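Here are the chains, one letter per residue:
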Amino acid sequence: LANLPPIALRDGSQHPAVGFGTYKVGFIPASASAAAAGAEASGATQRTARECVADALSVGYRFLDCAEFYGNEVDVGAAIADSGVAREDLYLASKCWNTTIASGRAAVRACVERTLSDLGIASIDLYCVHWPVPGHHVDAYKELLALRDEGLITSVGVSNYTVEDVDELAAAGVADADMPCINQIEVNPLLFRQRTLDAMRQRGIVVQSYRSLRDGKAFDNETICAIGAKHDRTAAQVMGRWLVQKGIVYIPKSVRRARMEENACVADFELDADDVAALDALTTEEAISTYAALYRKCVFRDTPMEGQQEGLRADFTMD
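Here, residues in each chain are numbered from 1, in the same order as that chain's written sequence. Whole-chain, interface and lining totals are the exception, using all residues; otherwise, since this is a predicted model, local features are given only for residues with pLDDT of at least 70 and side-chain atom pairs are given and counted only at 80 or more. With hydrogens and water set aside, each side-chain value is computed from the structure's full complement of heavy atoms.

Phi at Arg214 is positive, roughly 50°, even though this residue is not glycine. Helix numbering and strand numbering both begin at the N terminus, where a helix is a DSSP run of H or I of at least 4 residues and a strand a DSSP run of E of at least 2. By the element assignment, Arg214 lies in the loop between strand 9 (206-210) and helix 8 (222-231). With phi around 55°, Asp215 is a residue other than glycine that occupies positive phi space. Within the element layout of this structure, Asp215 appears in the loop between strand 9 and helix 8.

Written as structure tokens, this is what we have:
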């Protein structure tokens with residue numbers, strides 16, 4: 001991991017190229033589907049987030065991706081304290097959930113302060129708006145900017161934003177220099193949205209990938225396995241390397257130490273142009289449609305507006 005150079009953000013800070021995801025690590029949120037916890041969790045005894053994060057830190061991960069919704073920041077903070085890793089050697093990120101976003105700026109502020117307390121830190125490297133809740137996300141973003149100016153946050157970002165959601169921030173008066181440093185969206189060879197990625201790059205926004213490994217559900221894909229065999233690498237390593245070569249932040253997650261080690265081994269080989277082209281071509285129209293339906297469902301998730309159509313974007317960049 002140390003051999004991968006960091007990625008420069010628009011505010012001049014440096015972001016690690018690879019991180020450890022903490023979603024469904026030690027805790028599964030009430031509104032999440034337990035069945036979607038990932039193939040490796042099936043039939044397994046759930047380890048605590050404290051145990052899993054301790055392993056991740058000992059393996060060498062230094063970027064931890066957290067969130068209010070993940071429900072485990074106290075355990076993550078305990079693992080950090082146990083590890084002995086210096087604060088300056090860590091890159092810590094979190095996100096405020098839809099319920100908080102919909103509750104207004106004071107709730108966003110309280111959420112950030114709680115995250116700092118739970119993680120045991122004085123300030124956080126990156127904080128994001130988790131979903132662009134219609135009618136509320138702009139105010140949430142502006143509150144994060146205020147907290148940045150007060151020194152509690154270094155970089156401000158967003159998650160699950162379409163191109164149009166990002167442009168709404170600009171239309172609402174967010175200055176160019178204050179636009180998001182990061183947009184965390186699902187990116188993997190089975191959901192490769194080239195137009196969206198190009199638009200983020202044009203706007204100076206670095207993309208983080210969640211579901212980088214598609215919850216293990218693509219590990220038997222023939223194309224991915226063939227490329228893995230060609231390089232003597234696993235499917236996970238091929239998928240991770242594909243992201244790294246595209247300059248997209250790669251955030252694998254696992255509750256197993258052996259998998260954490262495997263997922264991290266993406267620095268010492270390179271995919272050739274044919275490999276990349278083959279992986280780029282795996283996304284189907286069905287995958288794009290599934291993404292669009294999930295976006296429409298989740299922007300109001302866990303809020304009083306859940307299930308309503310009013311306020312939803314009729315059109316947005318899907319690919």
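Right, picking up where we left off after that structure.
Attention shifts here to the nonpolar core. As a rule of thumb, nonpolar side chains are buried together in soluble globular proteins. Judged by nonpolar contacts, the single largest core of 96 residues is most densely connected at Leu64, Leu144 and Ile224. Here the element with the most residues in this core is helix 9 (residues 235-245); it accounts for 7 residues. Contacts are residue-level and defined by heavy atoms, with any inter-residue pair within 4.5 Å sufficient. Ignoring sequence-local partners within four residues, the contact set of Ile224 consists of Leu190, Ala218, Ala235, Val238, Met239, Leu279 and Leu282. To define a nonpolar core, start from buried Ala, Val, Leu, Ile, Met, Phe, Trp, Tyr and Cys residues and group those joined through side-chain atoms within 4.5 Å. For every residue, the accessible area (1.4 Å probe, protein chains only) is compared with the maximum for its type, and the residue is labelled buried under 20%, exposed over 50%, or partly exposed between those bounds. Judged by nonpolar contacts, the second largest core, of 12 residues, contains Phe63, Tyr91, Leu126 and Cys128.

For the rest of this paragraph, the subject is the sheet that holds strand 5 (residues 91-96). Spatially, 8 strands are ordered 3-4-5-6-7-8-9-10 in an open sheet, and the strand pairing comes out parallel. Lying at the two open borders of the sheet, with one neighbouring strand each, are strand 3 (20-21) and strand 10 (249-250). DSSP bridges decide pairing: two strands pair if at least two such bridges lie between them. Here strand 7 (residues 153-159) pairs with strand 8 (residues 182-186) via 2 bridges, running parallel. Each residue of the ladder has a partner; that of Val158, found in strand 8, is Asn183.

Here we come to the confidence of the model for the protein chain. Here pLDDT means the predictor's own confidence in every residue, given as a number from 0 to 100. Across the protein chain, pLDDT averages 95, with 96% of residues at or above 70. Here residues 34-45 scores under 50 on pLDDT; set against residues more than four positions off or in separate chains, the count is 13 contacts.

Our next topic: helix 6 (residues 163-171). Count 3.6 residues to each turn of an α-helix, and residues three or four apart come out pointing the same way. Turning to helix 6, its buried residues are Val163, Asp165, Val166 and Leu169. In this structure, the buried side of helix 6 is in contact with helix 5 (137-149), strand 7, helix 7 (194-202) and helix 12 (285-298). Following helix 6 by one or two positions, Gly173 has its phi on the positive side, about 100°.

On to the pattern of salt bridges, then. The salt bridge definition used is simple: a Lys or Arg side-chain nitrogen within 4 Å of an Asp or Glu carboxyl oxygen. Counted under the stated rule, the structure contains 24 salt bridges. Of the charged contacts in the structure, one is a salt bridge between Arg148 and Asp149, with a shortest N-O distance of 2.9 Å. Exposure remark for Arg148: the relative accessible area of 22% places this residue in the partly exposed category. Residue Asp167 is joined to Arg203 by a salt bridge in which the shortest nitrogen-to-oxygen separation is 2.8 Å. Taken together, the positions of Asp167 in helix 6 and Arg203 in the loop between helix 7 and strand 9 put the pair 36 residues apart, joining distant regions of the chain. You can call Asp167 partly exposed: its relative accessible area is 33%.

To estimate how far a helix should reach, multiply one less than its number of residues by 1.5 Å. Taking 1.5 Å as the rise per residue, helix 5 with 13 residues should run 18 Å; its terminal C-alpha atoms sit 19 Å apart, in good agreement. When helix 5 is considered as a whole, its buried residues turn out to be His137, Val138, Ala140, Tyr141, Glu143, Leu144, Leu145 and Leu147. Looking at the buried positions of helix 5, the neighbouring elements they touch are helix 3 (98-103), helix 4 (105-119), strand 6 (124-129), strand 7 and helix 6. Directly beyond the C-terminal end of helix 5, a positive phi value near 90° is found at Gly151.

Moving on, we get to the pairing of strand 5. When you tally the buried positions in strand 5, you get 6 out of 6 residues, the bulk of the element. Alternating residues of strand 5 divide into Tyr91, Ala93 and Lys95 and Leu92, Ser94 and Cys96, and every residue in both groups is buried. Here is how to tell: hold the view so the strands point away, follow the path from the first strand over the helix to the second, and if it runs clockwise the crossover is right-handed. Read as a crossover between parallel neighbours, the route from strand 4 (residues 63-65) over helix 2 (residues 73-83) to strand 5 is right-handed. Note that strand 5 and strand 6 share 4 bridges and pair parallel. Looking at strand 6, one finds that Ala93 is bridged to Leu126.

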